[in-house]
Amino acid sequence: MAYLTRKNSIALIFVGAAFVASCSDAQDMTQATSSEFAATAPSSSPALAVLTPVTAAILAHPIPVTATDGKVHLAYELFLTNTLAQPVNLRGIVPMADGAPLQSPITENLLPWVKVFGATEPITILGPGQSALAWLDVTVPSPADIPEVMEHRISLQVTSPDPPLLPADLTETVARTAVSTKSAITIDPPLKGENWLDGNGCCSVTAHRGAVSPLNGQLFAPERFAIDYVQLTSDGKMFNGDRTSVNSYPYYGTDVYAVAAGKIVSIVNDLPEPTPGANPTGLTVEQYGGNHVVQDLGDGRFAFYAHLQTGSVPFKIGDNLTAGQSLGKLGNSGNTDAPHLHFHIMDGPDPLASNGLPFEIRSFDLTNQIANMDNLADVTDTGGAAQFATGVATGPRSNQMPLTLDVMTYDVAAG
Ligand SMILES: [Zn+2]
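Calculation notes
- Residue positions are given per chain, counting from 1 as you read along its sequence in written order.
- It should be noted that, the model being predicted, local features are given only for residues of pLDDT at least 70 and side-chain atom pairs only at 80 or more, the latter also being counted only at that level, while totals for whole chains, interfaces and linings use all residues.
- DSSP-based pairing: two strands are paired if at least 2 bridges between them are found.
- Helix and strand definitions here come from DSSP, where helices need a minimum of 4 consecutive H or I residues and strands a minimum of 2 consecutive E residues; each element is numbered from the N-terminal end.
- Residues with at least 20 other C-beta atoms within 10 Å of their own are called buried, those with 12 or fewer are called exposed, and the rest are partly exposed. The C-beta atoms themselves are positioned from the backbone.
- Structurally, a nonpolar core is described as a collection of buried Ala, Val, Leu, Ile, Met, Phe, Trp, Tyr and Cys residues joined by way of C-beta atoms within 7 Å.
- Once C-beta atoms have been placed from the backbone, residue pairs whose C-beta atoms lie within 7 Å are recorded as contacts.

Caption draft 1: Region of the structure containing the pairing of strand β4 (residues 88-97). In terms of strand pairing, β4 meets strand β7 (residues 125-126) through 2 bridges, oriented antiparallel. Each bridged residue has a counterpart across the sheet, and for Asn 89 the counterpart in β7 is Ile 125. Two strands pair when backbone bridges link them, and β4 and strand β9 (residues 149-158) are joined in this way by 8 bridges, in the antiparallel orientation. Across the sheet, Met 96 pairs through a bridge with Glu 151, a residue of β9. Bridge count for β4 against strand β5 (residues 100-101) is 2 bridges, and the pairing is antiparallel. Across the sheet, the residue bridging to Met 96 is Pro 101, located in β5.

Caption draft 2: Main features of unusual backbone geometry. In this structure, the amide linkage connecting Pro 163 to the following residue, Pro 164, adopts the cis form with an omega of 5°. You can see Pro 164 is positioned in the loop between β9 and β10 (169-178). Of note, the phi angle at Ala 175 is positive, near 55°, even though the residue is not glycine. With 27 C-beta atoms packed within 10 Å, Ala 175 lands in the buried category. Despite not being glycine, Asp 299 shows a phi value in the positive range, around 55°. Its location among the elements puts Asp 299 in the loop between β18 (291-298) and β19 (301-308).

Caption draft 3: Summary view of the nonpolar core. Membership of the largest hydrophobic core comes to 102 residues, with the highest contact counts inside it found for Leu 78, Ala 134 and Tyr 305. Not counting residues up to four positions away in its chain, the partners in contact with Tyr 305 are Pro 190, Val 256, His 292, Val 293, Leu 327, Gly 328, Leu 341 and Phe 343.

From the geometry alone we can't say anything about function, so treat these as descriptive.
What follows is the structure in structure tokens.
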């Protein structure tokens, strides 16, 4: 499925590129959202004012999470604005802690994925007055290495220097921010069985991470850690035969399970399931998730289970689910071009106007990893067989977050 690429997000539930494209006026975006950004951490000592032509703010304080590569990830976004009336060339954005680069090897030219609003391709030049998002995935070896405070060293070149105020080459240290002391929630898996493939999961810039949408006057990144689950057959295929029939997908209709105990706060159960193979058109914003359940897990965390089969949720709002309880069936409703379960954890009950939170799965087996995105596209679009990466440390895992392209076996705890 092309939806698993950066350029084309046709099967994510909320088409981020389209939403961002709809807000083409970067200045309006800045005004509407800047007051909503998380507060920056106070500096420990007073400092002289420094000219920083490119301003930067985080969308949300990063929350550490341990992933299947054994590393602790800090996945977050920076909102950049070029305040000059001339283009600037971004040369590097380096996350720092205690005055040193957080990741190594580090070069001054390290640049994360940066995209101007309305664009579909990454950029290195910010136009006059232009704003952009930068997607970061900082990793540290262990929880002991998580910094309390981070900042970002941005190196840039201006096209029309005016020394000494504005030299041609500038390095600025900006976006000082506290790392959240909140932990990733530990959950049971939402599915059961072998060969569940993590599509669009953290922390690459997939369709999910790219889905930052302007809603209610501010930016939200609800899908920062979201996973699109599909199940591979024993011969590594996602579907057999006619791509446009749900019956060609052996996992269609499998049970979806509550990942923890909690009350249902939202249900949609009556939307139709369009023909697989292409995304439906004409959906309202509310219909993007299709048939779905939102469950309050407590402590400001909500689970979102989307694209379920029509009429498959045998509950009502207010019902309490236990961990591991079946809540509905995997389907093909909403903005989807093939049966899959979209799952994420968020900080509010609205699947769109919320902020994505990390999660760790209590126990599972990492059995494989898809070799690359091209092979994934072959599996999802043409029915090809999966090719697996070599050298992946497979085996039992506990309290880790899956990464995109992981293939896992899940066994749900008794509910
Ligand atoms: Zn999705």
